[in-house]
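Chain and residue survey
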Amino acid sequence: MRVTLCQATLAGAIGLNLLLLYCAWRGGLGGSPPSCRPPRAVPGITVLLRDFEDFENDLAGTARSFASLPVPVLVVAETAPYPPVPLPAAVGLLPLRPVADRPPPLAHPELHVRTRHVAFVPDGTRAVPGQLERMRDALEESGGDTRLVAAPVGSVPPRCLELRVEPRTWTARYGTGAPGVCQAVEGPVVLLLRTRDLFALPFPLARPVPTAIFVQAALRGWGLRVMPAAFPAARRPPASPHARWKAENLVETRRWQLMRDLGVKREVLADGRERWYGCGKETARCFGTVHAQTPQYLLAGRWTPPCCLRALRETARHVTGQLEAAGVRYWLEGGSLLGAARLGDIIPWDYDVDLGIYQEDMGKCRWLAAAAAGEAVEDAEGFLWEKAAEGDFYRVHYSRSNRLHVDLWPFYPRGGVMTKDTWLGHPQDVEFPESFLQPRVPVSFAGFTAMAPNNARAFLELKFGPGAIENPEYPNPAVKRLGKD
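Rules and cut-offs
- Residues numbered from 1 in each chain as written.
- Predicted model: local features only at pLDDT ≥ 70, side-chain atom pairs only at ≥ 80, totals over all residues.
- Heavy atoms only, no water.
- Core = buried A, V, L, I, M, F, W, Y, C linked by side-chain atoms within 4.5 Å.
- Buried < 20%, exposed > 50% of the residue type's maximum accessible area, 1.4 Å probe, protein only.
- Helix = DSSP H or I, 4+ residues; strand = E, 2+ residues; numbered from the N terminus.
- Contact = heavy atoms within 4.5 Å.
- Pairing = 2+ DSSP bridges.
- Axes fitted to C-alpha atoms, helices over the stretch in contact; angles between N-to-C directions.
- Disulfide = S-S within 2.5 Å.
- Phe/Tyr/Trp six-rings, centres within 6.5 Å; stacked < 30°, edge-to-face > 60°.
- Domains from an automatic or database assignment.
- Buried area = accessible area lost by both parts, 1.4 Å probe.
- Salt bridge = Lys/Arg side-chain N within 4 Å of Asp/Glu carboxyl O.
- Polar contact = N/O pair within 3.5 Å; in protein donor to acceptor, adjacent residues only side chain to side chain.

If you look the chain up in an unreviewed UniProt entry, it shows as Ribitol-5-phosphate transferase from Pluvianellus socialis.

Counting residues in hydrophobic clusters, the biggest one holds 63 residues, and the most contacted among them are Leu323, Leu355, Leu368, Trp385, Leu408 and Phe445. Top element by residues in this core is helix H8 (residues 306-326). It accounts for 8 residues. Residues contacting Leu368, with those up to four places away along its chain left out, are Leu323, Ile357, Met362, Trp385, Tyr394 and Leu408. Core analysis: the second largest hydrophobic core is formed by 39 residues, Val76, Val113, Phe199 and Leu269 among them.

Another point: the sheet that holds strand E8 (residues 184-186). Taking strand neighbours across the sheet as the criterion, the 5 strands line up as E8-E6-E7-E11-E12 in an open arrangement whose pairing is mixed. A strand with exactly one partner marks an edge of an open sheet, and here the two such strands are E8 and strand E12 (274-276). Neighbour-to-neighbour, the strand axes of the sheet open up by a mean angle of 25°, direction not taken into account. Of the pairings in the sheet, the one linking strand E11 (residues 266-268) to E12 comprises 3 bridges and is antiparallel in character. Bridge pairing in E12 places Arg266 opposite Trp276. Contacts from helix H5 (residues 209-220) reach strand E6 (159-166), strand E7 (171-176) and E8, with the element oriented near 55° to E6.

To continue, consider the state of the cysteines. Summed over all chains, the structure comprises 1 disulfide. Paired through a disulfide, Cys160 and Cys182 show a sulfur-sulfur distance of 2.0 Å. Pair noted here: Cys160 is in strand E6 and Cys182 is in the loop between E7 and E8, with a separation of 22 residues, a long-range link. Cys182 gets classed as buried once you look at its relative accessible area, which sits at 6%. Lacking any disulfide linkage, Cys279 is separated from the closest cysteine sulfur, that of Cys286, by 3.4 Å. There is no disulfide at Cys286, and the cysteine sulfur nearest it, in Cys307, is 3.4 Å away. Exposure remark for Cys286: the relative accessible area of 28% places this residue in the partly exposed category.

Under the definition given, this model contains 14 aromatic pairs. Here the aromatic rings of Trp331 and Phe411 are separated by 5.7 Å at their centres, their planes lie at 50°, and the arrangement is tilted. Remark: Phe411 occurs in strand E18 (residues 405-414) and Trp331 occurs in strand E13 (residues 330-332); sequence separation between them is 80 residues. Of the two residues, Trp331 and Phe411, neither departs from the other in class, the shared state being buried. Seen from their ring centres, Phe436 and Phe459 are 5.3 Å apart, and the 85° between their planes marks the pair as edge-to-face. Of the two residues, Phe436 sits in the loop between strand E20 (432-433) and strand E21 (441-445) while Phe459 sits in helix H11 (residues 456-464), which places them 23 residues apart along the sequence. Comparing Phe436 with Phe459 shows no difference in burial state: the two are buried.

According to the domain assignment, the chain contains domain 1 (42-226) and domain 2 (296-464). Computed over C-alpha atoms only, the centres of domain 1 and domain 2 are separated by 49 Å. Between domain 1 and domain 2, the contact holds 5 residues from the first and 7 residues from the second. Carbon and sulfur atoms supply 63% of the area buried between domain 1 and domain 2, which totals about 580 Å² over both sides. The largest share of the area that domain 1 buries against domain 2 comes from Pro167, Arg168 and Trp170, three residues that together contribute 86% of it. Counting the contacts that link domain 1 with domain 2 gives 0 salt bridges. Between the two partners, domain 1 and domain 2, sit 3 residue pairs in polar contact (both at pLDDT 80 or more).

A few words on the environment of Val353. Tracing the backbone shows Val353 in strand E14 (residues 353-358). Accessibility expressed as a relative area gives 1% for Val353, which makes it buried. Excluding anything up to four places from it in sequence, Val353 contacts Leu312, Ala316, Ser336, Ile346, His405, Val406, Asp407 and Phe445.

Let's shift gears to the pattern of salt bridges. Opposite charge on two side chains lets them pair, provided their charged atoms get close. Applying the stated rule across the entire model yields 31 salt bridges. Here Arg50 makes a salt bridge to Glu78, at a shortest N to O gap of 2.8 Å. Of the two residues, Arg50 is situated in the loop between strand E1 (42-49) and helix H2 (59-67) and Glu78 in the loop between strand E2 (73-77) and strand E3 (92-95); the sequence distance between them amounts to 28 residues. For Arg50, a relative accessible area of 4% gives the class buried. Between Arg159 and Glu186 there is a salt bridge, with its nearest N and O atoms 3.5 Å apart. You can see Arg159 sitting in strand E6 and its partner Glu186 sitting in strand E8, a full 27 residues away along the chain.

In structure tokens form, the structure reads like this:
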């Protein structure tokens, strides 16, 4: 069969289209053949301008300064800056947020960066010829675990900090590092790293950039090298009070979002101060309904969020204070007594506090009496007292919004044995001799003194079995065992 020129041209066009479709399909799956894309990771450094404010910035000056060097410069933002910024023609814009009536931005931002190295430059920095290259050379010469190089911006030397991130306890701890020991830097810096390392991070372009990079690097054990030579900072007029207020609010909002994404609910700063990012009185608690005595965070290999432990401690202190003031006899029960015996505190993975009370004393406390009458009542300090839906016991919640709670279990004596009317089928949910409560004794618990049975070891071994204090375990080992995280 003879093929005409027209047929050959048509066949070629169809083949080319099929090839392009194949390349696009493979690219969507994350693995493209070398022939479908231009080669990546060429020598060089791409400058990313990410940390800036739309309403008041030096973005044009910073972009012009670095565009004068033989390096590509990208402005990375959710949308194009507004008011519009007169960027140099050579400076690219990488929008991250899709718009419904327009083609989406590239699904993978890393495809915009072709160089082997990338540098985050803060707003208001001025370029120094050769400085980025010196940072790159320092990174490549360092070897070992060093994956980051930082250079200060401005005349104030940056402060070198240790950083330890504890995923299980949702905590990031900063400390003043020994000379040369650095996992984070306090103060404005240019950050340089390999492009492949940056885009191997789950949140490569999160803001604030230095905090996002330092936390993710600390989780991976990456080393940080700080260069002595600084980049100059532009002279800028002082920000207006309104602009400072807007900037501070935006920084706080971004930091909250970042910590939520990174799974950090508490930062312990080098001076001992703390920043909290978890739940509070006005929010819902950090976890949902608990199934099979196993909160979702345990299945994720984490323990109780520190904000929840703080709220439980505050609620337990408040409830015991109210009971004592009213003359209601109470004692630490179950896992709460275990925590007191082991740690003098709530067990790090527990999600509530359990107190036993004498049923006959309930009417002495007006909040408890109101709850027993079927009324959910909020006391003067915002704690919510109510009857539990599951049976004849009571709960005191941290607030109406935040349902972290203390459970109050009414017991009564029968033939010298303490019993109650509601049993939930927990292994430790058993009767016990009243002699354990005659007398009750004070113990340290959650930062205050609470009342407890007079022989905690015997009481706990009756409920949990021999060696209960020395052998910690999660509430339901059949679902999740301690040490199997």
